[in-house]
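Residues per chain, in single letters:
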Amino acid sequence: MKVLKKQRLSERVAGEIKNYIKQKDLKKGDRLPPADTLITMLGIGRSSLREALQLLETQGFIEVLNGKGIFVKEVKPFSIQTTLDIENEKEFLLEALDVRMAIEGKAVDLAVEKATQKDIDEMDFHLQEYRKYIQSGERRKANKADAQFHHALYRAAKNALLLSIIDSVSDTFNEFFNEPFGVHDIFDKSFPYHQTLLTAIKNKDLKSAREAFTNLMASVKTSIMEV
């Protein structure tokens, strides 16, 4: 049996919207409830709904017309997929990686300039936890420590607007720490670059920090491509 991948929240939301269309027997051209109503009905955030609608629009099920509403575009064959296939997941992660490189790359630049000793100690703590859990084979804890390292890096940038942008795409970024493709240790090869990055931030060495971050992202990209 193949490993079942944990679904993104946006995928679950997309599935609920598909179910709603089927249950209400909506046809092509019918209007769905407004975004604010869907948010209330599903108990989710605006960013999660936005990602779900983008997914459904990409799949050809709905059409979002600015100022007019959300409309059913196609209801056949309506075979509801609970997860994206591997090729689509690769495409999603590679696109998400491009966004992550742009946003997190700026966070690295700011962290080199603004990180306090407390920030550095926090990143170091999570990095040591990451190392420990890799060595002990505790994969979920290792992935959590990896995520916490990066979130500590974002906070070290000392930029509230940047943090709010990262928060708006948090569902997407979290996919890098949620065992994509069902592979527990997919990004472990990038671990050494985390240490190099932290050392560069500690030394306020912008050039070395950018180089370490580039190498880290290249390692992540290679791991995705090799699946």
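Rules used in this analysis
Residues numbered from 1 in each chain as written. Predicted model: local features only at pLDDT ≥ 70, side-chain atom pairs only at ≥ 80, totals over all residues. Heavy atoms only, no water. Core = buried A, V, L, I, M, F, W, Y, C linked by side-chain atoms within 4.5 Å. Buried < 20%, exposed > 50% of the residue type's maximum accessible area, 1.4 Å probe, protein only. Helix = DSSP H or I, 4+ residues; strand = E, 2+ residues; numbered from the N terminus. Contact = heavy atoms within 4.5 Å. 1 Å grid on protein atoms, 1.4 Å probe; cavity = no way out; pocket = protein on both sides within 12 Å on 5 of 7 lines; lining within 4 Å. Points joined across faces, edges and corners; volume = space filled by probe spheres on them. Nonpolar A, V, L, I, M, F, W, Y, C, P; charged D, E, K, R; others polar.

Student: Could you give me a rundown of the nonpolar core, with the residues and numbers involved?
Tutor: Formed by 34 residues in total, the largest nonpolar core has its most connected members in Met123, Leu153, Phe176, Leu197, Ile201, Val220 and Ile224. At the level of secondary structure, the elements contributing two or more residues to this core comprise α4 (86-114), α5 (117-136), α6 (139-156), α9 (191-202) and α10 (206-225). With seven residues, the single largest contributor to this core is α10. The contact partners of Phe176, leaving out residues within four places of it in the chain, are Leu93, Ala96, Leu97, Arg100, Phe187, Val220 and Ile224.

Student: If you had to explain the layout of surface pockets to someone new, which residues and values would you point to?
Tutor: In this model, the largest pocket occupies a volume close to 560 Å³. Surrounding the largest pocket, 20 residues form its lining, Gln54, Leu55, Thr58, Phe92 and Glu95 being those nearest its centre. Secondary structure elements with two or more residues in the lining of the largest pocket: α1 (9-23), α3 (46-58) and α4. With six residues, the single largest contributor to the lining of the largest pocket is α4. Taken together, the residues of the lining of the largest pocket sort by class into six nonpolar, eight polar and six charged.

Student: I'd love a proper account of unusual backbone geometry, names of residues and values included.
Tutor: One non-glycine residue with positive phi stands out, namely Lys158, at about 55°. The phi dihedral of Lys204 falls on the positive side, at around 55°, and the residue is not glycine. One can find Lys204 in the loop between α9 and α10.

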